[in-house]
Amino acid sequence: MAKKLKILIFPDPRLRKVAEKVTKFDKSLQILANDMLETMYDANGIGLAATQVNKHIRLIVMDLSEERNQPKIFVNPSFKILKGHKMYEFEEGCLSIPGFNETIARPDKIELKWQDINGKVHTDTPEGLLTVCIQHEIDHLEGKLMVDYISALKRDRVRNKLLKEYN
Ligand code: GNR
Ligand code: NI
C-alpha cells in the first residue's frame with residue numbers, strides 16, 4: 001500500500017528549506033511516514049528526512065538493523081550536546097548526494113528528544129550509529145547537508161558532477 005517517493009538530489013534548492021514543526025498527529029502523517037519508510041528501504045538507506053522527499057515537516061524515519069525490520073519514526077526531533085562529549089568521526093553517505101562519501105565529525109554524546117507518531121514525547125541518550133544518523137537527519141530538517149562540512153572546492157566538484165548526472 002505504501003508508495004515510493006522521489007528523493008531530491010543535491011543541489012536541488014528545495015533541500016535547503018527549513019522544515020516546520022508537526023502539530024497534527026493524523027492519518028496523513030502516518031501515511032507519509034509509511035511512504036518514507038518504503039522509499040528508504042527501496043533505496044537501501046538507514047534513514048530519511050521528510051525534506052528529502054520534498055515534504056517540509058519535522059519527520060524522520062530510520063532503520064539501523066541488518067535485517068531491515070526495525071523501522072523507527074521520529075517526529076519533531078531535537079538534541080542537546082552533553083558535557084564530556086568527544087567529536088566522533090564516521091564515514092557518512094546521503095541518499096540526496098549519490099556516490100559521495102565523506103568522514104564527518106559529530107559529538108558522540110547527545111540527549112535526544114522527539115515525539116512518536118501519536119504525539120507522545122520521548123527522551124533518550126542514544127549510542128553508536130543512532131547518534132550519528134539522527135544528527136545527519138536533523139541537519140536535513142534545517143536545510144543542511146553533509147557537503148556543508150567540506151571545502152567549497154570539493155562541494156562544487158560534487159555539485160557539478162551531480163548536475164551533469166541528474167539534470
Ligand atoms: O543511508 C544513509 N546512510 C548513512 C550512513 C552514515 C551516516 C548517515 C547516513 S544517512 C543515509 C541516508 C540519508 O541520506 N539520510 O538522510
Ligand atoms: Ni542524508
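Coordinates for the structure precede this section.
Every value quoted in this text rests on a predicted model; they were computed, and no experiment measured them.

Cut-offs and rules
Residues numbered from 1 in each chain as written. Chains lettered and ligands numbered in written order. Predicted model: local features only at pLDDT ≥ 70, side-chain atom pairs only at ≥ 80, totals over all residues. Heavy atoms only, no water. Pairing = 2+ DSSP bridges. Helix = DSSP H or I, 4+ residues; strand = E, 2+ residues; numbered from the N terminus. Axes fitted to C-alpha atoms, helices over the stretch in contact; angles between N-to-C directions. Contact = heavy atoms within 4.5 Å. Salt bridge = Lys/Arg side-chain N within 4 Å of Asp/Glu carboxyl O.

Asker: Would you mind going over the sheet that holds strand β3 (residues 72–81) with me for this structure?
Answerer: Each strand in a sheet pairs with its neighbour through backbone hydrogen bonds, running either in the same direction (parallel) or in the opposite one (antiparallel). Here five strands make up an open sheet; going across it, the order is β1-β2-β3-β6-β7 and the pairing antiparallel. Each end of this open sheet is capped by a strand with a single partner; those strands are β1 (47–49) and β7 (121–124). If you compare each strand with its neighbour and ignore which way they point, the axes differ by 35 degrees on average. Most of the contacts of helix α1 (residues 27–42) go to strand β2 (residues 59–62), to which it runs at about 40 degrees, and overall it touches β1, β2 and β3. Contacts between helix α2 (residues 129–141) and the sheet are confined to β1, β2, β3 and β6 (110–115), with β2 contributing the most and set at about 150 degrees to the helix.

Asker: What am I meant to see in the pattern of salt bridges here?
Answerer: Oppositely charged side chains can form a pair if their charged atoms are brought close together. Under the criterion given, the structure shown has 10 salt bridges. Among the salt bridges present, the one from Asp156 reaches Arg159, with a minimum N-O distance of 2.3 Å. One end of the pair, Asp156, and the other, Arg159, are both in helix α3 (residues 152–166), three residues apart, so they sit about a helical turn from each other. Three or more residues joined by partner-sharing salt bridges are found here, namely Glu92, Arg106 and Asp139.

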